[in-house]
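The primary structure of each chain is shown beneath.
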Amino acid sequence: SILNAVVVFVMSSVYMFIAKCLTNYENHRTALEYQDALIGKTFIVEFINSFSAMFFMAFAQPFLAPVAGLGVNACPGIDTYNSCFKQIQMALEVLFFSKLTTGTAMALLVPYINLKMREAEEFDEVDEEIVSWVEKQYVLEKYDSDDGSFIDYADYSIQFAYVTMFVSASPLSCGLALVNNYVSLRLHAWSFCHYRQRPMPVSVEDIGTWYTILEMISYCAVFTSAGIIAFTSTLAINLTWFNRVWVFVG
């Protein structure tokens, strides 16, 4: 679970960079077309990056025969420690905990270090007492309203998918998401008050393509949760596959 969280975190940055390069190469006519194309690419790669392991544990591993030497074993049942339910639950908890810790570092440490470096560069030979408030505001980190909000929407969309699609295996993820979002809210507020310049207000009609993505996640969550109950858990383990399908449909 820890290795999976590390891979997801590292590859997320790589995929984000690749998606942005591909979208820049397409040379869209308008900013709206550019944002829609970037959102689509980012969500697809982030979805695969974040959920490939989860879908494997939920819908492939329970039906695999043991593979010698690879550490891949079938995991029927929900009462044993190595069950698929336990593995999904552990993976989600580690992912949320890593998001909380890395989010804290990104929201506080990175802007703080950047601020100190800019202050050292700008006011190296200047007495700090004569530096005006305006000059101190000038060296604060600028907030890109496009990239900043884009990253936030991407993170919370993936988190929404984690919570809704696998909640039947890990109900605790809802509480972890609540804690994570509250801490993130306060950290962003602190960062905007102390480490960043005031962002320029921008008026928008709605949240754009993100609404469609959240709606798609909602529909997928219904099928994923039903599949976990009908095929992965032991609630229907003694039923035939035909009856399991009817449990899924119901």
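A short tour of the structure in this document, coming up. As the structure is a computational prediction, the values presented were derived from the model and not from experiment.

## Section: the overall build of the chain
Next up, step 1: Summing up its helical and strand segments, the chain has eight helices and zero strands in all.
Next up, step 2: Going from the N terminus to the C terminus, the chain shows its helices and strands as α-α-α-α-α-α-α-α.
Next up, step 3: The C-alpha radius of gyration of the chain comes to 22 Å, more than 25% above the 18 Å expected for a compact globule of 250 residues.
Next up, step 4: If one aligns the C-alpha atoms of the chain with their principal axes, the spans along those axes are about 80 × 40 × 35 Å.
Next up, step 5: Burial status across the chain gives 30% buried among its 250 residues.

## Things to note about the packing of helix H3 (residues 84–122) against helix H5 (residues 145–165)
Next up, step 1: It is the contact of H3 with H5, at a shortest axis distance of 12 Å, that shows an interaxial angle of 155°. Relative to H5, H3 is oriented roughly antiparallel. Here H3 runs over H5; the crossing is left-handed. Between H3 and H5, the residues in contact are Leu92, Leu95, Phe96 and Lys99 and Asp155, Gln159, Tyr162 and Val163, respectively.

## Section: the side chain of Glu46
Next up, step 1: Within the element layout of this structure, Glu46 appears in helix H2 (residues 31–59).
Next up, step 2: The buried category is assigned to Glu46, whose relative accessible area is 7%.
Next up, step 3: Those residues in contact with Glu46 that sit more than four places away from it in its chain are Ser12, Met16 and Ile158.

## With respect to the environment of Thr104
Next up, step 1: Assignment of secondary structure puts Thr104 in helix H3.
Next up, step 2: For Thr104, a relative accessible area of 29% corresponds to the partly exposed category.
Next up, step 3: Measuring from C-alpha to C-alpha, the distance between Thr104 and Ile39 comes to 24 Å, with 65 residues separating the pair along the chain.
Next up, step 4: Not counting the four nearest positions on each side in its chain, Thr104 is found in contact with Leu109, Val183 and Leu187.

## Quick notes on unusual backbone geometry
Next up, step 1: Although it is not a glycine, Asn27 adopts a positive phi angle of roughly 55°.
Next up, step 2: Relative to the helices and strands, Asn27 is located in the loop between helix H1 (2–26) and H2.

## Looking at the nonpolar core
Next up, step 1: Core analysis: the largest hydrophobic core is formed by 33 residues, its most contacted members being Phe51, Met54, Ile88, Tyr162 and Phe166.
Next up, step 2: Within the residue set of this core, elements represented by two or more residues are H1, H2, H3, H5 and helix H7 (209–232).
Next up, step 3: In this structure, Tyr162 is in contact with Val8, Ser50, Phe51, Met54, Leu92, Leu95, Phe96 and Val167, ignoring residues within four places of it in sequence.

## A word on the packing of aromatic side chains
Next up, step 1: Inspection of the entire model under this criterion finds 15 aromatic pairs.
Next up, step 2: A centroid spacing of 4.9 Å and a plane angle of 70° characterise the contact between Tyr143 and Phe192, whose relative ring orientation is edge-to-face. In this pair, Tyr143 is assigned in the loop between helix H4 (133–138) and H5 and Phe192 in helix H6 (residues 172–194), connecting sequence segments 49 residues apart.
Next up, step 3: With relative accessibility at 26%, the residue Phe192 sits in the partly exposed group.
Next up, step 4: Through a chain of ring-to-ring contacts, the aromatic side chains of Phe43, Phe47, Phe51, Phe55, Phe59, Tyr162 and Phe166 assemble into a single cluster.

The rules we used
- Residues numbered from 1 in each chain as written.
- Predicted model: local features only at pLDDT ≥ 70, side-chain atom pairs only at ≥ 80, totals over all residues.
- Heavy atoms only, no water.
- Helix = DSSP H or I, 4+ residues; strand = E, 2+ residues; numbered from the N terminus.
- Rg over C-alpha atoms; globule rule 2.2 N^0.38 Å.
- Buried < 20%, exposed > 50% of the residue type's maximum accessible area, 1.4 Å probe, protein only.
- Axes fitted to C-alpha atoms, helices over the stretch in contact; angles between N-to-C directions.
- Parallel < 35°, antiparallel > 145°, perpendicular 65-115°, else oblique.
- Left-handed = near helix turned anticlockwise from the far one by under 90°.
- Contact = heavy atoms within 4.5 Å.
- Core = buried A, V, L, I, M, F, W, Y, C linked by side-chain atoms within 4.5 Å.
- Phe/Tyr/Trp six-rings, centres within 6.5 Å; stacked < 30°, edge-to-face > 60°.

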